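# Descriptive analysis of the structure
Each chain is listed here by its residues.
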Amino acid sequence: MQTITHFINGSHTDTSERTAQVFEPATGEQRATVSLASAVEVAGAIELAKRAHKSWSQVSPLNRARVLFKFKALVENNIDELAELVTREHGKVLDDAKGEIIRGLEVVEFACGIPHLLKGEHTEQVGGGVDAWCVNQSLGVVAGIAPFNFPVMVPMWMFPIAIASGNTFIMKPSEKDPSSVMRLAELLSEAGLPDGVFNVVNGDKEAVDALLTHKDIQAVSFVGSTPIAEYIYETASKHGKRVQALGGAKNHMLLMPDADMDQAVGALMGAAYGSAGERCMAISVVLAVGNSGDELVKKLLPQIAALRVGNGITPEMDMGPLISTQHLAKVTNYVETGVKEGATLLADGRELTVKDHQQGYFLGGCLFDNVTPEMTIYKEEIFGPVLAIVRVDDYSEALELINEHEFGNGTAIFTQSGEAARHFCHHVQVGMVGVNVPIPVPMAFHSFGGWKRSLFGPLHMHGPDGVRFYTKRKAITARWPKPKHAQAEFVMPTMK
């Protein structure tokens, strides 16, 4: 049985006293044992990262970028291996695993431009013989806490910009699927990253709390559920740290009667059931305006029935298993709750069986109709292959429902009306908006983040906000007066 430890100061460590099991979701079999770091072990990693920061922060941005260029090439050369690690421990199909790695690489590519991104501002002659300029400098040791659903992409939305900016990094991956991040750490070392710049600490709440409270951690980036995001934000902020904590979502698609229905259905199938719905940007609610719901249901049901669900390692699968037996039970309970509360279950994924994988954590695509805003399956994030259709009379009613929901992560409108789309983009209270695009995840050179209880903290992830988050600005004002001007000045200085 493989034992996954930690990666600290350029090498793998000994096994911790406490461990947890890592399972393969498609088979239900234990795949490995992962170490759970103690607070003492986390503190040791932070101390080594702090020492590494002294030299790494003095490396030129150009040479830091060159390490990332080499890392990018290594990830591309090893993408099949990384994708299999993701599929074995998370369950998503191989093509989807490769897709998340590519989306992570886009941030690496963005971070390779750090010499330009770190450029400050300069104003000559702000006053008589006085110049002023601003520089962007690293924070020190920063930490990332990643979720299980994107074990490669989310860490790569964090650490490339952080280390390119001159920080050193402590990564705490999900203990459910940690192997791919460990492999990334090895590739970073192979690319020439100095020891101690990037470290992986596996663990549970004890490790997380150690990161949130340690005096030498300057910033914490997190992606996960809203209750945990709120806890991360409150705890780390109380200890004087910068925080970006991305929480849960209930992403709505607003379907107008004039939409291209075939296009909408095709987009919705991938957005609702891709990765078994375990995406923070998954579409989980359709607001069907007018009579659009009838045609939507008619076209959706055959495609849901045709979903190819099985082991993600098997070629040409559409959907794999859920992450764990506990999460399978949780999502199944939501389906049962929806039925009890009066929603119409048109497609019941609980009836699914996968040949030769009876112990796997599989649930087929589920579809509810006649869902109302008072129902649990409308209000709460399910994080599984469960899609809810809410019938609404008009556009205004749909917009109001989206704006009243506690989450504001992503949304989409499908329509042929430029007027409706423009109004929606301007008035919807959500952080990321798609127009005839079901999962509007911004490219790496923009920033990713939601509104309301989908994000805690003022800055979004990667893109320009990522550079702002991982750097601090220093303003410098300088003059070189002649000796006769060296005298006390008791009046508030002004520029002349």
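Details of the structure are given in the entry above.
Criteria and cut-off values
- Throughout this document, residue positions are counted from 1 along each chain, in the order its sequence is written.
- A pLDDT threshold of at least 70 governs which residues receive local features in this predicted model, and a stricter bar of 80 or more applies before side-chain atom pairs are shown or counted, although totals over entire chains, interfaces and linings include all residues.
- Side-chain descriptors were evaluated using all non-hydrogen atoms of the structure, hydrogens and water having been removed beforehand.
- Strand pairing requires that DSSP identify at least two bridges connecting the strands.
- Comment: elements are numbered from the N terminus, with helices defined as DSSP H or I runs of at least four residues and strands as E runs of at least two.
- The angle between two axes is taken between their N-to-C directions and runs from 0 to 180 degrees, where each axis is a line fitted to C-alpha atoms and a helix contributes only its stretch in contact.
- Ring pairs are drawn from Phe, Tyr and Trp, using the six-membered ring of Trp, whenever the two centres fall within 6.5 Å, and their geometry is named by plane angle: stacked under 30 degrees, edge-to-face over 60, tilted for the rest.
- Only protein chains enter the area calculation, which uses a 1.4 Å probe; residues under 20% of their type maximum are buried, those over 50% are exposed, and those in between are partly exposed.
- Side-chain atoms within 4.5 Å are what join buried Ala, Val, Leu, Ile, Met, Phe, Trp, Tyr and Cys residues into a set we call a nonpolar core.
- Here a residue-residue contact requires only that any non-hydrogen atoms of the pair lie within 4.5 Å.

### Looking at the sheet that holds strand E14 (residues 283-289)
- Pairing in this open sheet of seven strands is mixed, and the strands run E15-E16-E17-E14-E13-E19-E20 from one edge to the other. Where the open sheet ends on each side, the last strands, each with one partner, are strand E15 (344-347) and strand E20 (432-435). Direction aside, neighbouring strands of the sheet carry axes that sit 20° apart on average.
- Note: strand E16 (residues 366-369) against strand E17 (residues 386-392), three bridges, orientation parallel. Bridge pairing links leucine 367 to leucine 387 in E17.

### A closer look at the packing of aromatic side chains
- Applying the stated rule across the entire model yields eight aromatic pairs.
- When the ring of phenylalanine 169 is compared with that of phenylalanine 198, the centres are 6.1 Å apart and the planes differ by 20°; the resulting orientation is stacked. Taken together, the positions of phenylalanine 169 in strand E9 (residues 168-172) and phenylalanine 198 in strand E10 (residues 198-200) put the pair 29 residues apart, joining distant regions of the chain. For the residue pair phenylalanine 169 and phenylalanine 198, the accessibility class agrees, reading buried in each case.
- Where tyrosine 233 meets phenylalanine 456, the ring centres are 6.2 Å apart and the plane angle is 35°; that geometry is what we call tilted. Note that tyrosine 233 is positioned in helix H9 (residues 226-238) and phenylalanine 456 in strand E22 (residues 455-456), a separation of 223 residues in sequence.
- An aromatic cluster is present here, built from Phe71, Phe159, Phe169 and Phe198 joined pairwise through their rings.

### Things to note about the sheet that holds strand E1 (residues 2-4)
- Strand order across the open sheet formed by three strands is E1-E5-E4, with mixed pairing between neighbours. Looking at the sheet topology across the chains shown, the edges are occupied by E1 and strand E4 (18-24). This sheet shows a mean twist of 30° between the axes of neighbouring strands, independent of strand direction.
- When E1 meets strand E5 (residues 29-36), the two strands line up parallel, connected through three bridges. Across the sheet, residue threonine 3 finds its bridge partner in E5, namely threonine 33.

### Considerations on the nonpolar core
- Judged by nonpolar contacts, the single largest core of 68 residues is most densely connected at Phe71, Phe159, Ile163, Phe169 and Phe198.
- Of all the elements, helix H6 (residues 153-164) adds the most residues to this core, at ten residues.
- What phenylalanine 159 contacts, discounting residues up to four positions off in sequence, is Phe71, Phe169, Leu184, Leu188 and Phe198.
- Counting 65 residues, the second largest nonpolar core, distinct from the first, contains Ile283, Val297, Met319 and Tyr361.

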